[in-house]
Amino acid sequence: MLNILLLAAALQFVSPVHDDHVTLAGNFGEPRPHHFHGGIDIRTDMAVGKPLFAVADGYVSRITVGLYGYGNAVFIQHPDGHSSVYCHLKNFTPVLRARISRYHREHGEPDRIDEWHNPAPNPVDIYLRPHEMPVSRGQLVAISGNTGSSVAPHLHLEIHDTKTWAMRDPLRFLGHYLVDKTPPMAHSFMAYPQEGEGIFNGSPRQQYFGFSSHELHREFTAWGKVGFGIWANDYMEDTFHHYGIRHTRLTIDGEVIFESDVDSIPAQMNRQVNSWGDYQHWRHQNVWYMKSFVEPGCQLPLFKTNDSRGIYDFNQERDYQVVYALTDAYGNQSLYTFTVTGRRQQIPRAPAKDTRWVLRWNQVNSFQLPGFQLTLGRHQLPVDTEVHPTVSLQPNRLSHAYTVAQQSMPIFRDAEISIRLNQQVTDTSRLCIAAGEREYPVTLRNGWVTTKIRELGATYQVRLSTSK
């Protein structure tokens, strides 16, 4: 595990709030819908106006207002190859504030950075060169606030690899400012029998079981291929908050089946949290079970597994000892154990799929409906997925309405859809493709309207934008 004290001392990082004892409202890598929590949320006593300081030497490389949910934000590039980002700010230092004012004058915009929440009326994005605004470790850079996608005052601090923009765990650099002697806690595990290949406790369906203690003594049976997942949280002293798990290891009879270490997350893979986490269960129960196996389309570089991507084949009639080890960034560890008895039994066949509507995770997918086309690239889905598209005829509207999947199905990157117009439009500048209240910008060609989407479970149709 990480030696936080030695690494922090070598890089000479200091607290951004100049407190000897920092407490968190959120830690790095917590699973959220469509993204990991990309930093740490440092508590500011539920108040705005706290001075914030550069965590290390460097220069201000970027200032943003109203982008990415950050609200008001400062980016500082450091000479060790990392960048720090300070978000949800109330205000900036006078020299940074003057630079924003100049930007507004140059763009003919009102000079305001009030407590905007998303979206800001006049977004600001300023890039700076190294000589323009150098800063020293511990220098004042901003005032804490509650702007952007923030529900209560705090500092959201991110650390990135400057070259790749991979998200790093800020506790690698600032962990010595926190006290944590509390180990993580597991609440329950999920069994995932593989369709047509496994069965658990007599059922081919996924099931979850609570941890009433660290060692479960109830009977579990399995036959064939089964994956597991776990719902667990980390905890720290002095707060009632719960956090994501830094390190998870699953062993069966002493063999490491799955291991995860949540540290360096490529920003372009953020949405793959929906594959590692059980997204559908989260939608219905608001609880994240993190799978202890890797779906074939998931490319997150956080895992080590057996040769079967974390799936285990219970193929002998005997007892198997299953152990989960959960460890935080400070080495605090909890063990959870249970026994699974291999019991030979009939495994139900997988239901037959309509191959016309199966989207392949490792292929380019393209299909048409009357007046509709979808193109989905490779590695956009975690697994091969059957969809059931529908068309709602609307001959008196600009287009029919189309749904690809009958439940929410987020994809990893943009897919392209095109919808044919039912009638001519005089003012084409107001055309958009809409899903509920959300409107997507479009291009128009030969009576077809095209846009990019990241959700297959919404209903899409062409209409005139209400925001123009």
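Small disclaimer: the values here were computed from a predicted structure and weren't measured.

### Concerning the overall build of the chain
Moving on, step 1. A count of helices and strands for the chain gives 5 helices and 35 strands.
Moving on, step 2. What you see for the chain is a C-alpha radius of gyration of 25 Å, in line with the 23 Å of a compact globule of 468 residues.
Moving on, step 3. Projected onto its principal axes, the C-alpha positions of the chain cover 75 × 65 × 35 Å.
Moving on, step 4. Per-residue burial for the chain yields a buried fraction of 53% across its 468 residues.
Moving on, step 5. When contacts within the chain are restricted to residue pairs at least 6 apart in sequence, those whose partners lie at least 24 apart make up 68%.
Moving on, step 6. Across the chain, the centroid of the 44 positively charged side chains sits 7 Å from that of the 46 negatively charged ones.

### A look at the sheet that holds strand S31 (residues 431-435)
Moving on, step 1. One open sheet holds the 5 strands; their spatial order is S28-S29-S35-S31-S32, and the pairing between them is antiparallel. Of all strands in the sheet, those bounded by a partner on one side alone are strand S28 (390-392) and strand S32 (438-440). In this sheet, neighbouring strand axes are inclined to one another by 30° on average, regardless of whether the strands run parallel or antiparallel.

### Some details on the environment of Ala166
Moving on, step 1. With respect to the helices and strands, Ala166 occurs in the loop between strand S12 (154-161) and strand S13 (167-168).
Moving on, step 2. Spatially, the C-alpha atoms of Ala166 and Val85 are 13 Å apart, while their sequence positions differ by 81 residues.
Moving on, step 3. Apart from the residues within four sequence positions on either side, Ala166 is in contact with Ile159, His160, Asp161, Ser264, Ile265, Pro266 and Ala267.

### Some points on helix H2 (residues 94-106)
Moving on, step 1. Here H2 is 13 residues long and its end C-alpha atoms lie 18 Å apart, about the 18 Å a rise of 1.5 Å per residue gives.
Moving on, step 2. Every buried residue belonging to H2 is among Leu96, Arg97, Arg99, Ile100, Ser101, Tyr103 and His104, and all of these are buried.
Moving on, step 3. Of the surrounding elements, those touching the buried residues of H2 are strand S6 (58-65), strand S7 (72-77), strand S8 (82-92), strand S9 (124-127) and strand S11 (140-144).
Moving on, step 4. Just past H2, the residue Gly108 takes up positive phi, approximately 65°.

### A closer look at the packing of aromatic side chains
Moving on, step 1. Considering all chains together, one arrives at 33 aromatic pairs under this definition.
Moving on, step 2. Taking the centre distance of 5.5 Å and the plane angle of 20° together, the rings of Trp282 and Trp288 count as stacked.
Moving on, step 3. Residues Phe314 and Tyr320 carry aromatic rings whose centres are separated by 4.9 Å and whose planes lie at 80° to one another, so their mutual orientation is edge-to-face. There is no split in this pair, since Phe314 and Tyr320 are both buried.
Moving on, step 4. Members of the aromatic cluster, joined through ring pairs, are Phe189, Phe200, Phe209, Phe211, Phe220, Phe228, Tyr312, Phe314, Tyr320, Tyr336 and Phe338.
Moving on, step 5. The ring of Tyr320 has Arg318 sitting right over it, with the charged end atom 3.9 Å from the ring centre.

### Considering the nonpolar core
Moving on, step 1. Residues Phe189, Phe200, Phe228 and Phe338 are the most contacted members of the largest nonpolar core, which totals 85 residues.
Moving on, step 2. Setting aside chain neighbours within four positions, we find Phe200 in contact with Phe189, Ala191, Pro193, Gln207, Phe209, Phe220, Thr221, Ala222, Val226, Phe228 and Val340.
Moving on, step 3. Core analysis: the second largest hydrophobic core is formed by 31 residues, Leu359, Ala415, Ala435 and Leu456 among them.

### Topic: unusual backbone geometry
Moving on, step 1. The backbone phi angle of Asp45 is positive, close to 60°, even though this residue is not glycine.
Moving on, step 2. Tracing the sequence through the fold places Asp45 in the loop between strand S4 (40-43) and strand S5 (51-53).
Moving on, step 3. A residue is classified by how much of its surface remains accessible, and Asp45, at 65% relative accessible area, is exposed.

### Regarding the sheet that holds strand S26 (residues 372-376)
Moving on, step 1. The 5 strands lie next to each other as S25-S26-S30-S34-S33, forming an open sheet whose pairing is antiparallel. Each edge of the sheet is formed by a strand with only one pairing partner; in this case those strands are strand S25 (365-369) and strand S33 (443-445). Averaged over all neighbouring strand pairs, the angle between strand axes comes to 25°, with direction disregarded.
Moving on, step 2. As judged from the 3 bridges shared by S33 and strand S34 (residues 448-455), these two strands associate in the antiparallel manner. Bridged to Arg445 within S34 is Trp448.

### Quick notes on the pattern of salt bridges
Oppositely charged side chains can pair when the atoms bearing their charge come close.
Moving on, step 1. Applying the stated criterion across every chain yields a total of 21 salt bridges.
Moving on, step 2. In this structure, Glu30 engages Arg32 in a salt bridge whose closest nitrogen and oxygen atoms are separated by 2.8 Å.
Moving on, step 3. The exposure class of Glu30 is buried, given its relative accessible area of 10%.
Moving on, step 4. In this structure Arg32 comes out as partly exposed when scored by relative accessible area, which is 25%.
Moving on, step 5. Measuring nitrogen to oxygen at the nearest pair gives 4.0 Å for the salt bridge that ties Lys50 to Asp45.

The rules behind each value
- Residues numbered from 1 in each chain as written.
- Predicted model: local features only at pLDDT ≥ 70, side-chain atom pairs only at ≥ 80, totals over all residues.
- Heavy atoms only, no water.
- Helix = DSSP H or I, 4+ residues; strand = E, 2+ residues; numbered from the N terminus.
- Rg over C-alpha atoms; globule rule 2.2 N^0.38 Å.
- Buried < 20%, exposed > 50% of the residue type's maximum accessible area, 1.4 Å probe, protein only.
- Contact = heavy atoms within 4.5 Å.
- Lys, Arg positive; Asp, Glu negative; His and termini not counted.
- Charge placed at Lys NZ, Arg CZ, Asp CG, Glu CD.
- Pairing = 2+ DSSP bridges.
- Axes fitted to C-alpha atoms, helices over the stretch in contact; angles between N-to-C directions.
- Expected span 1.5 Å × (residues − 1).
- Phe/Tyr/Trp six-rings, centres within 6.5 Å; stacked < 30°, edge-to-face > 60°.
- Lys NZ or Arg CZ within 6 Å of the ring centre and 35° of its normal.
- Core = buried A, V, L, I, M, F, W, Y, C linked by side-chain atoms within 4.5 Å.
- Salt bridge = Lys/Arg side-chain N within 4 Å of Asp/Glu carboxyl O.

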